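Analysis of the macromolecular model
Listed below are the residues making up each chain.
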Amino acid sequence: RRAVGELVRVLGRLDVLVNNAGFAANCPITGHDEQTIRTTLDINTAAPAIAIAAAWNQFQVQGKGCIVNISSMAALDPFPGFFAYAASKAAVNMLTKVAASEGASIGVRAFAVCPGAVETPMLRGLFSTAQVPTAATPESVAAVVIDCINGRHDGLNGGAVLVD
C-alpha cells in the first residue's frame with residue numbers, strides 16, 4: 001500500500017499493475033514441506049492479491065486500470081514436480097478472473113499471461129539445457145504483456161493469454 005501511495009503521490013496516477021514475481025520448487029509432492037508450500041503461495045499468490053487490493057482504490061478513483069499477472073502454463077497443464085507452483089499459478093488465474101469481473105464496472109481490465117518455460121535464472125536453477133533445451137525469451141513475454149496493456153488482447157480480459 002505504501003508503494004502504491006508513493007507512486008500515486010509522485011506520478012499522480014497508476015495505470016498498470018504487473019505482478020511478475022515467481023518462485024518454484026521442482027520436487028515430488030513428498031518433497032514439498034510446509035515452508036516450501038508457504039513460500040510458493042506467499043510469493044506467487046498472496047503477493048499479487050495484496051498488490052491488486054492496494055491498487056484497487058486508485059483504479060476506482062481513476063475509472064480505469066490494467067492488471068497483468070504473470071502466471072504459467074503449469075496452471076493449465078502441470079507436470080510432475082510443480083505441486084505448489086501449479087496450484088499457486090492456478091490461483092493467480094482466478095485472481096485475474098475475479099479482478100476482471102469486479103473491475104468491469106470501473107474500467108479495470110485484467111489478464112493472466114501464461115508462458116511455458118522462459119529463459120530465466122529460475123528456469124535454469126530447476127532444469128538443465130538438456131532437460132529443457134529451448135525456452136521463450138523474457139522479451140517475448142514482455143511483448144505479450146505490452147499487448148495486454150495496449151488492448152490487443154481485450155477479448156481475453158479475465159482469462160489466460162497463452163505464450164508460446
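Here goes a summary of the coordinates provided. (Residues numbered from 1 in each chain as written. Predicted model: local features only at pLDDT ≥ 70, side-chain atom pairs only at ≥ 80, totals over all residues. Heavy atoms only, no water.)

Okay, the sheet that holds strand S2 (residues 65-70) next. An order of S1-S2-S3-S4 is seen for the four strands of this open sheet, with the pairing classed as parallel. Each having just a single partner strand, strand S1 (16-19) and strand S4 (160-163) make up the two edges of the open sheet. On average, adjacent strands in this sheet sit at an angle of 20 degrees to one another, irrespective of strand direction. In the sheet, S2 pairs with strand S3 (residues 108-115) via six bridges, with the strands oriented parallel. Each residue of the ladder has a partner; that of Asn 69, found in S3, is Ala 112. Contacts from helix H3 (residues 83-103) reach S2 and S3 within the one sheet, and its direction differs from that of S3 by about 160 degrees. Lying over the sheet, helix H5 (residues 138-149) contacts S1, S2, S3 and S4, oriented at roughly 160 degrees with respect to S3. (Pairing = 2+ DSSP bridges. Helix = DSSP H or I, 4+ residues; strand = E, 2+ residues; numbered from the N terminus. Axes fitted to C-alpha atoms, helices over the stretch in contact; angles between N-to-C directions. Contact = heavy atoms within 4.5 Å.)

A few words on a nonpolar patch on the surface. Taken together, Leu 7, Val 10 and Leu 11 make up a surface patch of nonpolar side chains, about 280 Å² in accessible area. The topology assignment puts Leu 11 in helix H1 (residues 2-11). Classification of Leu 11 as exposed rests on a relative accessible area of 60%. (Patch = residues over 30% accessible without salt bridge, like charges linked within 9 Å, V, L, I, M, F, W, Y side chains within 5 Å. Areas by Shrake-Rupley, 256 points an atom, 1.4 Å probe, with all protein chains shown as cover. Salt bridge = Lys/Arg side-chain N within 4 Å of Asp/Glu carboxyl O. Buried < 20%, exposed > 50% of the residue type's maximum accessible area, 1.4 Å probe, protein only.)

Tallied over the full model, the rule gives four aromatic pairs. Here Phe 79 and Phe 127 contribute two aromatic rings whose centre-to-centre distance is 6.0 Å and whose plane-to-plane angle is 55 degrees, an arrangement assigned as tilted. Pair noted here: Phe 79 is in the loop between S2 and H3 and Phe 127 is in the loop between helix H4 (121-126) and H5, with a separation of 48 residues, a long-range link. Judged by its relative accessible area of 12%, Phe 127 is buried. (Phe/Tyr/Trp six-rings, centres within 6.5 Å; stacked < 30°, edge-to-face > 60°.)

Any functional reading would require information that these geometric values do not contain.
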